[in-house]
Amino acid sequence: SAVISQKPSRDICQRGTSLTIQCQVDSQVTMMFWYRQQPGQSLTLIATANQGSEATYESGFVIDKFPISRPNLTFSTLTVSNMSPEDSSIYLCSAEGPGGPYEQYFGPGTRLTVT
Amino acid sequence: TQLLEQSPQFLSIQEGENLTVYCNSSSVFSSLQWYRQEPGEGPVLLVTVVTGGEVKKLKRLTFQFGDARKDSSLHITAAQPGDTGLYLCAGAGVPDSWGKLQFGAGTQVVVTP
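Residues numbered from 1 in each chain as written. Chains lettered and ligands numbered in written order. Predicted model: local features only at pLDDT ≥ 70, side-chain atom pairs only at ≥ 80, totals over all residues. Heavy atoms only, no water.

Enquirer: Please give an account of the pattern of salt bridges that cites residues and values.
Expert: All names here are of chain A. Here the structure, examined in full by the defined rule, presents four salt bridges over all chains. For Lys65, the salt bridge goes to Asp87, with nearest N and O atoms at 2.6 Å. Remark: Asp87 occurs in the loop between β8 (75-80) and β9 (89-97) and Lys65 occurs in the loop between β6 (56-57) and β7 (68-72); sequence separation between them is 22 residues. On the basis of relative accessibility, which here comes to 5%, the residue Asp87 falls in the buried class. (Salt bridge = Lys/Arg side-chain N within 4 Å of Asp/Glu carboxyl O. Helix = DSSP H or I, 4+ residues; strand = E, 2+ residues; numbered from the N terminus. Buried < 20%, exposed > 50% of the residue type's maximum accessible area, 1.4 Å probe, protein only.)

Here it is, written out as structure tokens:
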């Protein structure tokens, strides 16, 4: 199975600033995904990030607020821009597994608190 | 949007007891995954079910996909404290939205010694 790491693991940020979250996979994958999760609750897909193409955003999420980079087959970043307290959440990245894009492996998450 | 409803939302049992978690939808899914998540970690894939009526066993865990591929269940036999966690079902829609998973709200399971 793929091993996925995220940095930072947690951060406390001030309103109006931006934070970039890094996601590293230990093997090459075509599809990577970014999710948001409130503690103890379900996951909401933010966007799909494929190498060599623009990220595809889900309804309610826009590129200006959550710009994503996917420079190669093992790495992606998600930026949370112009943060407000409503952006406080856990942000998770995932990558497709050997069984296909529906069998996803997840990073440990980044816990973001905006004050 | 294809919604997945999980029940119960919370389950607290004693070690050695059995439990069942349900995942239901009015929509058909091409496949359904079960994940377990522990505090401070990302979800970990437990199983994928694809065929209607399919039953898969993973040690003390039994997973079933409904005949119509609209529902699934997870049954744990003789639960252990290590089974504690948030159990999430996730479905891949029909027609396939490549890679997009619809997650249920989750069932928090607590197994006490």
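Anyway, onward from the coordinates.
Enquirer: Could you give an account of the state of the cysteines, naming the residues involved and the relevant values?
Expert: Inspection of every chain in the model, using the stated rule, returns two disulfides over all chains. Between the sulfur atoms of Cys23 of chain A and its disulfide partner Cys93 of chain A the distance amounts to 1.9 Å. Handedness here is read from the sign of the S-S torsion; for Cys23 of chain A and Cys93 of chain A, about 75°, the answer is right-handed. Within this pair, whereas Cys23 of chain A is found in strand β3 (residues 19-25), its partner Cys93 of chain A is found in strand β9, the two being separated by 70 residues in sequence. Classification of Cys93 of chain A as buried rests on a relative accessible area of 0%. What pairs with Cys23 of chain B in a disulfide is Cys89 of chain B, and their sulfur atoms sit 2.0 Å apart. Between Cys23 of chain B and Cys89 of chain B, the disulfide has an S-S torsion of 75° and is therefore right-handed. One end of the pair, Cys23 of chain B, is in strand β3 (residues 19-24); the other, Cys89 of chain B, is in strand β9 (residues 85-93), and 66 residues separate them in sequence. (Disulfide = S-S within 2.5 Å.)

Enquirer: Now, about unusual backbone geometry: what can you tell me, with residues and values included?
Expert: Between Lys7 of chain A and the following residue, Pro8 of chain A, the backbone shows a cis peptide bond with an omega angle of -10°. Looking at where Pro8 of chain A falls in the secondary structure, it is placed in the loop between β1 (4-7) and β2 (10-13). With an omega of -10°, the peptide bond between Ser7 of chain B and Pro8 of chain B qualifies as cis. Inspection of the secondary structure puts Pro8 of chain B in the loop between β1 (5-7) and β2 (10-14). For Asn82 of chain A, which is not a glycine, the phi torsion comes out positive at approximately 45°. For Asn82 of chain A, a relative accessible area of 54% gives the class exposed.

Enquirer: For the environment of Glu58 of chain A, give the residues involved together with the corresponding values.
Expert: Counting through the fold element by element, Glu58 of chain A comes out in the loop between β6 and β7. Sequence separation between Glu58 of chain A and Leu45 of chain A is 13 residues, and the spatial gap between their C-alpha atoms is 6.7 Å. Residues in contact with Glu58 of chain A, not counting those within four places in the same chain, are Leu45 and Ile46 of chain A together with Lys100 of chain B. Among the polar contacts listed, one links the side chain of Glu58 of chain A to the side chain of Lys100 of chain B, at a separation of 3.0 Å. (Contact = heavy atoms within 4.5 Å. Polar contact = N/O pair within 3.5 Å; in protein donor to acceptor, adjacent residues only side chain to side chain.)

Enquirer: An account of the packing of aromatic side chains is requested, with residue identities and associated values reported.
Expert: Using the criterion set out here, one finds six aromatic pairs over all chains in the structure. When the centroid spacing of 5.6 Å and the interplanar angle of 90° are considered together, the rings of Phe106 of chain A and Tyr35 of chain B count as edge-to-face. Here Tyr35 of chain B lies in strand β4 (residues 29-37) and Phe106 of chain A lies in strand β10 (residues 100-106), a pairing that spans two chains. With relative accessibility at 0%, the residue Tyr35 of chain B sits in the buried group. Consider the rings of Phe106 of chain A and Phe103 of chain B, whose centres lie 6.2 Å apart with planes at 75°: the pair is edge-to-face. With Phe106 of chain A in strand β10 and Phe103 of chain B in strand β10 (residues 101-103), the pair connects residues from two separate chains. Given a relative accessible area of 10%, Phe106 of chain A falls into the buried group. Pairwise contacts between aromatic rings join Tyr35 and Phe106 of chain A together with Tyr35 and Phe103 of chain B into one cluster. (Phe/Tyr/Trp six-rings, centres within 6.5 Å; stacked < 30°, edge-to-face > 60°.)

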